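The primary structure of each chain is shown beneath.
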Number of protein chains: 2
Amino acid sequence: MELQLALDLVNIPEGIALVKEVAPFIDIVEIGTPIVINEGLHAVKAMKEAFPHLKVLADLKIMDAGGYEVMKASEAGADIVTVLGASNDLTIKGCVDEAKKQGSKVLVDMINVKDIATRAKELDALGVDYICVHTGYDGQAAGQNPFEDLATIKSVVKNSKTAIAGGIKLETLPEAIKANPDLIIVGGGITGQDDKAGVASKIRDLITQG
Amino acid sequence: MELQLALDLVNIPEGIALVKEVAPFIDIVEIGTPIVINEGLHAVKAMKEAFPHLKVLADLKIMDAGGYEVMKASEAGADIVTVLGASNDLTIKGCVDEAKKQGSKVLVDMINVKDIATRAKELDALGVDYICVHTGYDGQAAGQNPFEDLATIKSVVKNSKTAIAGGIKLETLPEAIKANPDLIIVGGGITGQDDKAGVASKIRDLITQG
C-alpha cells in the first residue's frame, strides 16, 4: 500500500517546502488540479527536479486529447497522470497508449461517475493502471464518502490497482486501510496539520502495519 | 451570434501573435485546456492584458472545487470560465454563484455527457450562462458531430445561451450558423490556415449575415 501526498492550495515554493518536511514518509507527491490550473506543468517539473526519488502525479483530470496531455505531463516529469472516468473510452485509450510509450502510468479519477461498477469493469479492460474512488471537495461538503465505492470497484477489477482519495485523515485512516486499496491519497490530513512530519510519520506507520 | 477563437497548441507569445492577426474579427479568445495545463492561468492574464477589449474564456473544464477555480480564473482576467457538464450539480452551483460575485460567466462543456436533453434542462435550471455542445479531439477522430446535439439543447433550455465547438471550419460554418447557436467556437479552422486574417474575416462576414 503506497501513500500519496496531495498538494492543492499552495504555489510551487510552498509545495516544495511542504514536501521537504514529509518526504521520508511518502511515496508519491500529487500536483493537484488547482496547482496545475494556477501554474501549469511547470509545477510538475519543479517538483520532480526537487525530489527525483519521489514519484510525481500530475492531477490533470484529462477529459479530451488524452494522448497529447499524457505526453506533455510525462515530458514534464510526471510518473502518473490522471484522466476522468467520465471521459470517452477513446480518451482513456489515448492516455493508456501514450503512457506506455512514455513509461508513465494512468490513474482514472472516478469523481462523479454514476455507475461505478460498470465503468470500473470497462476501465480495467482498457488497461488503466489505477482506478481511484474520489469524493471531491464539493462532494465532501455534501457528506459523501468513498469507502463503499472502493469495495464495489475491488469486486469487479482484474488487473487495475485501486486508490482512494477525498478527505482522508489520521482519524479516518483505519477505515481506509481496512478497505485495502493499493494507494491511499491524503491531502489536508497532512498539509492542514501543524506537525506535518509527525502526522505523516504516524500515517506511514499505520499503512506499513496494514 | 458571437465568434470565439480557440487557441490550443501554442505557447503564450505564439498565442498573442496569433490573436493580433485576427483580433478585429473575433469577440472572445479562448485559452484552451492544453494551454492551461502547460502554462496555467498565467496565459489568461497575459492574453487579457494584451487584448483588454476582447473577452477571454478560460477553458478549465472544471470537475471539482467549482467556486475556487472560478474565483482564480476570474482574478486572472477571465470573462468566461468552463465547467464540465459531467460534473456534480454542487460543482456547477459553486461555479455559478462565484461567477455572479466576480462578474464573470459560466460556460458548460457537454463533452461526453450521455443524456444531453436531461442534463441541459438541469443546467439551465442551475442558472449557467452558456451550454456548449462539444465534439472533442478524440471524438472528432471517431467521426462525431455536434449539430444534432445543439438542436436537442435548444429545444429544452429556457434561459441559457448555447454554443457549439469541435472541428468547425469555413466549409462547415454554414451548417453551424443554420443551427443558430449564440456562440460559435472555431479553433484549427482559423489557427491552422495560412491566411488566418482572411479566413477569420470571411467567417465573421458569414456570421454577421446569419
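Above: the structure in question.
If you're wondering where the values come from, they're calculated on a predicted model, not measured in any experiment.

K.L.:
I'd like a rundown of unusual backbone geometry, residues and numbers included.
P.N.:
All names here are of chain B. One non-glycine residue, Ala65, adopts positive backbone phi at about 55°. One can find Ala65 in the loop between strand 3 (55–62) and helix 4 (66–75). Phi angles above zero are rare outside glycine, and Asn112 is one such case at about 60°.

K.L.:
Please give an account of the pattern of salt bridges that cites residues and values.
P.N.:
Residues and elements named next belong to chain A. This structure, assessed with the given rule, holds 20 salt bridges over all chains. Between Lys45 and Glu49 there is a salt bridge; the shortest N-O distance is 3.2 Å. Highlighted residues: Lys45 and Glu49, both in helix 3 (residues 42–50), separated by four residues, approximately one helical turn. With relative accessibility at 56%, the residue Glu49 sits in the exposed group. One salt-bridge network, held together by shared partners, links Asp59, Lys61 and Asp109.

K.L.:
Explain the pairing of strand 8 (residues 183–186) of chain B residue by residue, including any values.
P.N.:
Residues and elements named next belong to chain B. Burial along strand 8 is two-sided: the residues Leu183 and Ile185 and Ile184 and Val186 are all buried. Here strand 7 (residues 161–165) pairs with strand 8 via two bridges, running parallel. Within strand 8, the residue paired with Ala163 across the bridge is Leu183. Regarding the hand of the β-α-β motif, the stretch spanning strand 7, helix 9 (residues 173–178) and strand 8 is right-handed.

K.L.:
Let's hear about the packing of helix 6 (residues 116–125) of chain B against helix 8 (residues 147–156) of chain B: which residues, and what values?
P.N.:
Geometry of a packed helix pair, given as the angle between the helix axes and the separation of the axes. Residue and element names in this part refer to chain B. Relative to each other, helix 6 and helix 8 sit at 45°, their axes nearing to 9 Å. Judged on the interaxial angle alone, helix 8 and helix 6 are oblique. Judged by the sense of rotation from one axis to the other, the crossing of helix 6 with helix 8 is right-handed. Contacts from Ile116, Ala117, Ala120 and Lys121 of helix 6 reach helix 8 at Asp149, Thr152, Ile153 and Val156. Its residues assigned to classes, the contact of helix 6 with helix 8 shows five nonpolar, one polar and two charged.

K.L.:
Could you give an account of the interface of chain A and chain B, naming the residues involved and the relevant values?
P.N.:
Residue-level contacts link 33 residues of chain A with 33 residues of chain B. Summing both sides of the interface, chain A and chain B together bury roughly 2,700 Å²; the carbon and sulfur share of this comes to 56%. Taken together, the connections running from chain A to chain B amount to 24 residue pairs in polar contact (both at pLDDT 80 or more). Those elements that provide at least two residues to the side of chain A that touches chain B are helix 2 (33–39), strand 3 (55–62), helix 4 (66–75), helix 5 (89–102) and helix 7 (137–141) of chain A. Split into classes, the residues belonging to the side of chain A that touches chain B amount to 15 nonpolar, 12 polar and six charged.

Rules of the game
Residues numbered from 1 in each chain as written. Chains lettered and ligands numbered in written order. Predicted model: local features only at pLDDT ≥ 70, side-chain atom pairs only at ≥ 80, totals over all residues. Heavy atoms only, no water. Helix = DSSP H or I, 4+ residues; strand = E, 2+ residues; numbered from the N terminus. Salt bridge = Lys/Arg side-chain N within 4 Å of Asp/Glu carboxyl O. Buried < 20%, exposed > 50% of the residue type's maximum accessible area, 1.4 Å probe, protein only. Pairing = 2+ DSSP bridges. Right-handed = clockwise from strand over helix to strand, strands pointing away. Axes fitted to C-alpha atoms, helices over the stretch in contact; angles between N-to-C directions. Parallel < 35°, antiparallel > 145°, perpendicular 65-115°, else oblique. Left-handed = near helix turned anticlockwise from the far one by under 90°. Contact = heavy atoms within 4.5 Å. Nonpolar A, V, L, I, M, F, W, Y, C, P; charged D, E, K, R; others polar. Buried area = accessible area lost by both parts, 1.4 Å probe. Polar contact = N/O pair within 3.5 Å; in protein donor to acceptor, adjacent residues only side chain to side chain.

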